[in-house]
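# Per-entry structural report
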2 protein chains.
Amino acid sequence: MTVTLADVAARARVSAATVSRVLSGNYPVAERTRSRVLRAVEELEYVVNGPASALAAARSDLVGILVNDLADPFFGIIAGAVQEELSGAAGPGGEQLAVVCSTGGSPERELRYLTLLQRQRAAAVVLTGSASEDPEHARALTAKLARLSGAGTRVVLCGRPAQPASPAAEPPATLTTLAFDNRGGAQRLTAHLVALGHRRIGCAAGPAGRTTTGERLAGHRAALAAGGIADAPHRTVHGAYDRASGYDAAVELLRRDAGLTAIVAANDAVALGACAALRDRGLRVPEDLSVAGFDDLPFSADATPALTTVRLPLREAGARAGRLVTGREEPPPGGLATLRAELLVRGSTSVAYP
Amino acid sequence: MTVTLADVAARARVSAATVSRVLSGNYPVAERTRSRVLRAVEELEYVVNGPASALAAARSDLVGILVNDLADPFFGIIAGAVQEELSGAAGPGGEQLAVVCSTGGSPERELRYLTLLQRQRAAAVVLTGSASEDPEHARALTAKLARLSGAGTRVVLCGRPAQPASPAAEPPATLTTLAFDNRGGAQRLTAHLVALGHRRIGCAAGPAGRTTTGERLAGHRAALAAGGIADAPHRTVHGAYDRASGYDAAVELLRRDAGLTAIVAANDAVALGACAALRDRGLRVPEDLSVAGFDDLPFSADATPALTTVRLPLREAGARAGRLVTGREEPPPGGLATLRAELLVRGSTSVAYP
DNA sequence: CTGTTAGCGCATTCAG
DNA sequence: CTGAATGCGCTAACAG
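Residues numbered from 1 in each chain as written. Chains lettered and ligands numbered in written order. Predicted model: local features only at pLDDT ≥ 70, side-chain atom pairs only at ≥ 80, totals over all residues. Heavy atoms only, no water.

Okay, the protein's contact with DNA strand D next. Neighbouring residues of DNA strand D: 25 residues in total, closest A:Arg21, A:Ala30, B:Leu5, B:Ser20 and B:Tyr46. Close to the protein, within 4 Å, the atoms of DNA strand D belong to sugar or phosphate groups at a rate of 66%. A:Thr18 is positioned such that a nitrogen or oxygen atom in its side chain is 2.8 Å from a phosphate oxygen of DNA strand D. A:Ala30 places a main-chain nitrogen or oxygen 2.8 Å from a phosphate oxygen of DNA strand D. Going through the elements one at a time, helix H2 (16-24) and helix H4 (50-57) of chain A together with helix H2 (16-24) and helix H4 (50-57) of chain B are the ones with two or more residues in the surface near DNA strand D. When residues in the surface near DNA strand D are grouped by element, the largest group, four residues, is from H4(B). When its residues are assigned to classes, the surface near DNA strand D shows 14 nonpolar, eight polar and three charged. (Near = heavy atom within 4 Å. Polar contact = N/O pair within 3.5 Å; in protein donor to acceptor, adjacent residues only side chain to side chain. Helix = DSSP H or I, 4+ residues; strand = E, 2+ residues; numbered from the N terminus. Nonpolar A, V, L, I, M, F, W, Y, C, P; charged D, E, K, R; others polar.)

Shown next, in the form of structure tokens:
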């Protein structure tokens, strides 16, 4: 019923092996037979059976991309860039396909998807976004990545810190990390506020127990310390990376300290949520409170006032991950590259009016 | 080297068939042997070989999702919802994986990805967003979808109109369409402006030759006609679905007619670009010009002024597509459902001040 | 309920 | 440069 290699071979009056060679293009074939085969393929509308060839060749052309939430532009931009890069690297037989998996930030789902991708014998796996800080999960993840890597799957961590090496073995050579300088970016952001005279700065941080949250908080605290501002735990609240959390966080932060003059948010969506909360309470940004975001997603420039934020090279990171995965780019020395995080000062922050 | 079914079978002292049955869970197996097998799987850390089982079973657990641009939240939201729904339908052996493909709106790439998915023997394919209106491509697409469908791949069109039936055959029964009421939404939107007294309304439309663009323009024109406003071709410009196009479109529209009192945009991003252009020229929204978007992406509520727009049930559409694909939802009667498009009046539109 | 027997469709040896 | 033979790892009848 469905046409196979053998059918094509018969029609082109060659052996199946020859057809296979023509299609893979990785072996010399006489020009005449070659075109004869190609014509037969056309006429029969033959389409290779992917699973069969993956089985025989012991490798597939699937690349896994793990994200927290596809609907979040942060991940959409990264995943889109990775995928774009895959299609740019049209290999011999065809090109690689991106399998996108949303983990929702759950370490269990992360592991489960990795198993699913392992089952598919994925050519590569790209893990994006923050990782769980739970030591047990970190261990399980390291083990799983080592296994994947051992099976020939390339692994790229994109926008997350290097995976802690397992006690026993060295991290596999096929493991590359593209980290964001979250700490540095956060530090520069808070330093900017401190320089503007802010001393009571609320922090609407991301979910607890995630590397990105930890890094950004560390940068924030370092800047506070550098500015001689005492650590005030009650000025930090944790929440999800979304608008609603930002709204709630702002309300809660003001409840705890009505004298706040600024709020740094976990990301742009959270910042906009915070702005909305302030607006609803009759507070103006930045006259009454400064608000800052993180990531510089496209919409943050269109908010009013435009959001001061930290720009992360999302697209570049994804594209690089894609090139790493397709072998078109050499891994950075040591397998680790840290990507710049650039402070973008816009309208939502200004000097503190006490 | 890599552990196979046979290894597990040997360790559990059963036949390979039994192991297979335990793992697929679609056949009765004694509880004792079952747990014995499961233990062996654990101990050996066995992971099924996907390609092998796909080959033998003649079906894979991959679901293709075609989008224009993953970085655009419009598609991120839909794709995310589809994928989420796939993971919710944990089948016996595991769950389905989403293969996301960005076509960039190119009909050629669309066709090429469909072939790639056909090669993977995908269980289903979801095509999202607008389609090309080119008759030749429409024909090619219809043929390709028929072939996929004939091979047992379910096909869902999500957010695009029904594919024109091929002259010869009826559309396959496994083809379901979830269309957005773009025309109705656009009509209500423009009618809203007309009701506010606007008569010189510019239109920053989407790319020419795409179904979504055509539908929204048709709605727009219908509302104009209903309001007794003459068709003015120079008041419509075409561009991409992004912010930059919106900026350019606004500039061009004002150049052609400086007396415009409103602009309806192809989508929210275009609308925000238009707003930025107006702002740069010292025009206020909505006092000097009203501006309206389309889609109601999350950020459009945070713009200032908040965007009047048409809400499309993106998440719902994606989720439904996902359920259709996993067979958890019955196709609508006739294989076609049209999803509501709801007018959302916010701050960016107001009465016309001539 | 379980084991045996055949392929699934293709990529690779190895000969020629 | 081409063909014949072998097996990738698993599922699906078919018996028992």
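Let us now look at the UniProt feature "domain: HTH lacI-type" (unreviewed entry) in chain A. Using the residue numbers shown here, the UniProt feature "domain: HTH lacI-type" (unreviewed entry) corresponds to residues 3-57 of chain A. Span residues 3-57 of chain A is 71% helix and 0% strand, its end C-alpha atoms 20 Å apart. (UniProt positions renumbered as here; feature names shortened; annotations may be inferred.)

Time to look at the domain arrangement of chain A. All names here are of chain A. Looking at the assigned domains, one finds that chain A contains domain 1 (5-46), domain 2 (58-180 + 315-339) and domain 3 (182-311). The straight-line distance from the C-alpha centre of domain 2 to that of domain 3 is 30 Å. Between domain 2 and domain 3, the contact holds 13 residues from the first and 11 residues from the second. On the domain 2 side of the contact with domain 3, Phe74, Ser130 and Glu133 bury the most area, a combined 41% of that side's loss. Between the two partners, domain 2 and domain 3, sit zero salt bridges. At the boundary of domain 2 with domain 3, the tally comes to five residue pairs in polar contact (both at pLDDT 80 or more). (Domains from an automatic or database assignment. Contact = heavy atoms within 4.5 Å. Buried area = accessible area lost by both parts, 1.4 Å probe. Salt bridge = Lys/Arg side-chain N within 4 Å of Asp/Glu carboxyl O.)

Secondary-structure assignment places B:Ser102 in strand S2 (residues 97-102). The exposure class assigned to B:Ser102 is buried, which follows from its relative accessible area of 2%. At 3.0 Å, the side chain of B:Ser102 forms a polar contact with the side chain of A:Gln83. Contact partners of B:Ser102, with chain neighbours within four places excluded, come to A:Gln83, A:Glu84, B:Val67, B:Asn68, B:Asp69, B:Leu70, B:Arg109 and B:Tyr113. (Buried < 20%, exposed > 50% of the residue type's maximum accessible area, 1.4 Å probe, protein only.)

This part covers the protein's contact with DNA strand C. Taken together, 26 residues are adjacent to DNA strand C, and A:Leu5, A:Ser20, A:Tyr46, B:Arg21 and B:Ala30 come closest. Backbone atoms, meaning sugar and phosphate, form 63% of the atoms of DNA strand C found within 4 Å of the protein. A distance of 2.4 Å separates a phosphate oxygen of DNA strand C from a polar backbone atom of A:Leu5. Put simply, the parts of the chain that give the surface near DNA strand C at least two residues each are H2 and H4 of chain A together with H2 and H4 of chain B. If you tally residues by element for the surface near DNA strand C, the top one is H4(A), at four residues. Residues of the surface near DNA strand C, tallied by class, amount to 14 nonpolar, eight polar and four charged.

Let's shift gears to the packing of helix H6 (residues 107-119) of chain B against helix H7 (residues 135-150) of chain B. Residue and element names in this part refer to chain B. Here H6 crosses H7 at 10°, and the two axes come no closer than 11 Å. Classed by the angle they form, the pair H6 and H7 counts as roughly parallel. Within the contact between the two elements, H6 uses Pro107, Glu108, Glu110, Leu111, Leu114, Thr115 and Gln118 and H7 uses His137, Ala140, Leu141, Lys144, Leu145, Arg147 and Leu148. Here the contact of H6 with H7 is composed, by residue class, of seven nonpolar, three polar and four charged. (Axes fitted to C-alpha atoms, helices over the stretch in contact; angles between N-to-C directions. Parallel < 35°, antiparallel > 145°, perpendicular 65-115°, else oblique.)

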